[in-house]
Amino acid sequence: EAGVAQSPRYKIIEKRQSVAFWCNPISGHATLYWYQQILGQGPKLLIQFQNNGVVDDSQLPKDRFSAERLKGVDSTLKIQPAKLEDSAVYLCASSTWVHEQFFGPGTRLTVL
Amino acid sequence: ILNVEQSPQSLHVQEGDSTNFTCSFPSSNFYALHWYRWETAKSPEALFVMTLNGDEKKKGRISATLNTKEGYSYLYIKGSQPEDSATYLCASSGGGADGLTFGKGTHLIIQP
């Protein structure tokens, strides 16, 4: 069974630039999550999708972050414009209903 | 929002020794406790998902216990090997498909 795929693996941008991350979940997993892990902290949930609907985006900084889940499968997370404090690893995870979450390898973002 | 605490923050252990670390979480509104192992540049790997008070799970040399009444879980590694070096994350959820609230992790280094 193929795991959760994410791209790119690494990204370096200047502050105020835009960036997008892509996630392809495990086939058949209805629930998709985006987490942000800042150095020295645990991963923090940014947004949760159930199929293509948003379940929880209470911790998403909506003035600069946006996310969508195309046709209930792939998802993109965008930051526009980026700030220095957005430097982090962005993790995507997927799960079936009421089950463990499977994580991708993450995208490491550095904002200069 | 649930607060999950892990201790110690980092740990150096001699190869062959056994070790353990702690995860504490609010016992109210608790559904499940998750343990993950995260090696650098790889995907976080699920170790255990536990829901019941008194639960004990084992996977090879690694085992975990859960006390939901007092809000803590222990992870044990018996006979540490270099490949056990990783960050161990615990996370709590308030519902089956809810997003996870993570602790900051315990960074384990096994010294040959």
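In this report, the structure presented in the accompanying data block is examined. None of these values were measured; they are calculated from a predicted model.

Another aspect to go through is the overall build of chain B. Helices and strands together make up the secondary structure of chain B, namely zero helices and 11 strands. On C-alpha atoms alone, chain B measures out to a radius of gyration of 13 Å, which is about the 13 Å that the 2.2 N^0.38 rule sets for 112 residues. A principal-axis box enclosing the C-alpha atoms of chain B has dimensions of 40 × 30 × 20 Å. Put simply, chain B has 112 residues, and 47% of those count as buried. In the structure as shown, chain B presents an accessible area of about 5400 Å², 45% of it carried by carbon and sulfur atoms. Charged side chains in chain B number 9 positive and 11 negative. The centres of these two groups are separated by 3 Å.

Further remarks concern the interface of chain A and chain B. In this complex, chain A contributes 23 residues to the contact, which on the side of chain B involves 20 residues. Carbon and sulfur atoms make up 60% of the surface buried where chain A meets chain B, a total of about 1600 Å² over both sides. Viewed at the interface, chain B and chain A are joined by zero salt bridges. Counting only elements with at least two residues in the side of chain A that touches chain B, the list comes to strand 4 (31-37), strand 5 (44-50) and strand 9 (88-95) of chain A.

So, about the pairing of strand 3 (residues 19-24) of chain A. Residue and element names in this part refer to chain A. Side chains of strand 3 alternate between two faces, with Val19, Phe21 and Cys23 buried and Ala20, Trp22 and Asn24 left unburied. The pairing of strand 1 (residues 5-7) with strand 3 spans three bridges and is antiparallel. Bridged to Gln6 within strand 3 is Cys23. Bridging between strand 3 and strand 8 (residues 75-79) involves five bridges; their strand directions are antiparallel. Bridging from a neighbouring strand, Ala20 pairs with Lys78 of strand 8.

With that settled, the discussion passes to the environment of Gly28(A). All names here are of chain A. The topology assignment puts Gly28 in the loop between strand 3 and strand 4. Of the residues examined, Gly28 reaches a relative accessible area of 69% and is grouped as exposed. Between the C-alpha atom of Gly28 and that of Gly72, which follows or precedes it by 44 residues, the distance is 9.8 Å.

A few words now on the side chain of Arg64(A). All names here are of chain A. Positionally, Arg64 belongs in the loop between strand 6 (53-56) and strand 7 (65-69). The exposure class assigned to Arg64 is buried, which follows from its relative accessible area of 11%. Residues within four places of Arg64 in sequence aside, it is in contact with Lys78, Ile79, Gln80, Pro81, Ala82, Lys83 and Asp86.

We now examine the sheet that holds strand 3 of chain A. All names here are of chain A. Read from one edge to the other, the open sheet built from four strands follows the order 1-3-8-7, with strand pairing classed as antiparallel. Strands with a single pairing partner mark the edges of an open sheet, and in this sheet they are strand 1 and strand 7. Here the average twist between neighbouring strands, direction ignored, is 15°.

This next bit is on the pattern of salt bridges. Where charged atoms from two side chains of opposite charge come close, those side chains can pair. Residue and element names in this part refer to chain A. Taken as a whole and judged by the stated rule, the model has five salt bridges over all chains. The shortest N-O distance in the salt bridge between Asp86 and Arg64 comes to 2.5 Å. Note that Asp86 is positioned in the loop between strand 8 and strand 9 and Arg64 in the loop between strand 6 and strand 7, a separation of 22 residues in sequence. By relative accessible area, which is 3% here, Asp86 ends up buried.

Okay, the state of the cysteines next. All names here are of chain B. Under the criterion given, the structure shown has two disulfides over all chains. With its sulfur 1.9 Å from that of its partner, Cys23 forms a disulfide with Cys90. Across the disulfide from Cys23 to Cys90, rotation about the S-S bond amounts to roughly 75°, and the bridge is consequently right-handed. In this pair, Cys23 is assigned in strand 3 (residues 19-24) and Cys90 in strand 9 (residues 86-93), connecting sequence segments 67 residues apart.

For the rest of this paragraph, the subject is the packing of aromatic side chains. One pass over the full model with this rule turns up 13 aromatic pairs over all chains. Relative to Phe103(A), the ring of Tyr35(A) lies with its centre 5.5 Å away and its plane at 45°, an arrangement referred to as tilted. Here Phe103(A) lies in strand 10 (residues 102-103) and Tyr35(A) lies in strand 4, a separation of 68 residues in the sequence. Each member of the pair Tyr35(A) and Phe103(A) is classed as buried. Residues Phe25(B) and Phe30(B) carry aromatic rings whose centres are separated by 4.8 Å and whose planes lie at 25° to one another, so their mutual orientation is stacked.

What counts as what
- Residues numbered from 1 in each chain as written.
- Chains lettered and ligands numbered in written order.
- Predicted model: local features only at pLDDT ≥ 70, side-chain atom pairs only at ≥ 80, totals over all residues.
- Heavy atoms only, no water.
- Helix = DSSP H or I, 4+ residues; strand = E, 2+ residues; numbered from the N terminus.
- Rg over C-alpha atoms; globule rule 2.2 N^0.38 Å.
- Buried < 20%, exposed > 50% of the residue type's maximum accessible area, 1.4 Å probe, protein only.
- Areas by Shrake-Rupley, 256 points an atom, 1.4 Å probe, with all protein chains shown as cover.
- Lys, Arg positive; Asp, Glu negative; His and termini not counted.
- Charge placed at Lys NZ, Arg CZ, Asp CG, Glu CD.
- Contact = heavy atoms within 4.5 Å.
- Buried area = accessible area lost by both parts, 1.4 Å probe.
- Salt bridge = Lys/Arg side-chain N within 4 Å of Asp/Glu carboxyl O.
- Pairing = 2+ DSSP bridges.
- Axes fitted to C-alpha atoms, helices over the stretch in contact; angles between N-to-C directions.
- Disulfide = S-S within 2.5 Å.
- Phe/Tyr/Trp six-rings, centres within 6.5 Å; stacked < 30°, edge-to-face > 60°.

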